[in-house]
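In case you want the letters, here they are:
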Amino acid sequence: MAFNMQNGDSDVLPEQHEINVTPFIDVMLVLLIIFMVAAPIATVSVPVNLPSIDAAQQPQQDEPLFLTLQKDLTLTLGEDETFSIETLNNKLSEKAFNKEQRFLLRADSEVDYGDVIKVMNRLAKSGYQKIALVGLEP
């Protein structure tokens, strides 16, 4: 910051044409310190001690089971077994699948949305919660 002091008789100081950035730098340093202190506080992690499990780890099934809903509202389990929607729960109890079995539901594009939901509801009522829909990529 430069001052030009003239030795004249005038009591008026000359105008400054430069911006005083010292207050701006002070404010920015204070804000920087505030953010440096507040950042670790904002990312709170909750410490928790999880209990250990004594049971043996179950092997994960890599093969999902395909359930296909045809235009005529018949279901095909896998590739060969065909039955109606009403007998779905009986077929699943016959097969005695693991309740963690993954089902991939394929439905014909002409099947009503309500019928697809009906099949999903029957699967859920039978205790199967891992249900995914299959579609074609465009």
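Whatever comes next refers back to the structure up there.
Let me sum up the structure you'll find in this document.

What counts, and where the lines are drawn
- Residues numbered from 1 in each chain as written.
- Predicted model: local features only at pLDDT ≥ 70, side-chain atom pairs only at ≥ 80, totals over all residues.
- Heavy atoms only, no water.
- Pairing = 2+ DSSP bridges.
- Helix = DSSP H or I, 4+ residues; strand = E, 2+ residues; numbered from the N terminus.
- Salt bridge = Lys/Arg side-chain N within 4 Å of Asp/Glu carboxyl O.
- Buried < 20%, exposed > 50% of the residue type's maximum accessible area, 1.4 Å probe, protein only.

Re the pairing of strand β2 (residues 74-77)
Here's step 1: Inspection of the sheet shows strand β1 (residues 65-69) paired to β2 by three bridges, in the antiparallel sense. Across the sheet, the residue bridging to Leu-69 is Leu-75, located in β2.
Here's step 2: Counted along the chain from β1 to the antiparallel partner β2, the turn is four residues long, and its residue Leu-73 has a positive phi close to 65°.
Here's step 3: The pairing of β2 with strand β3 (residues 81-84) spans four bridges and is classified as antiparallel. The residue of β3 that forms the bridge with Leu-77 is Glu-81.
Here's step 4: Following β2, the chain reverses through three residues before pairing antiparallel with β3; Gly-78 in that reversal takes a positive phi of roughly 75°.

Structural notes on the pattern of salt bridges
Here's step 1: A complete count under the given rule lists four salt bridges for this structure.
Here's step 2: A salt bridge links Lys-91 to Glu-81, with the shortest nitrogen-to-oxygen separation between them at 3.3 Å. On the criterion of sequence distance, the pair formed by Lys-91 in helix α2 (residues 88-95) and Glu-81 in strand β3 is long-range, its members being ten residues apart.
Here's step 3: Two residues, Lys-91 and Glu-94, come together in a salt bridge whose shortest N-O distance is 4.0 Å. Residue Lys-91 and its partner Glu-94 are both found in helix α2; the two are separated by three residues, about one turn of the helix.
Here's step 4: Under the relative-accessibility criterion, Glu-94 is labelled exposed at 58%.
Here's step 5: Because the salt bridges share partners, they merge into one network encompassing Glu-81, Lys-91 and Glu-94.

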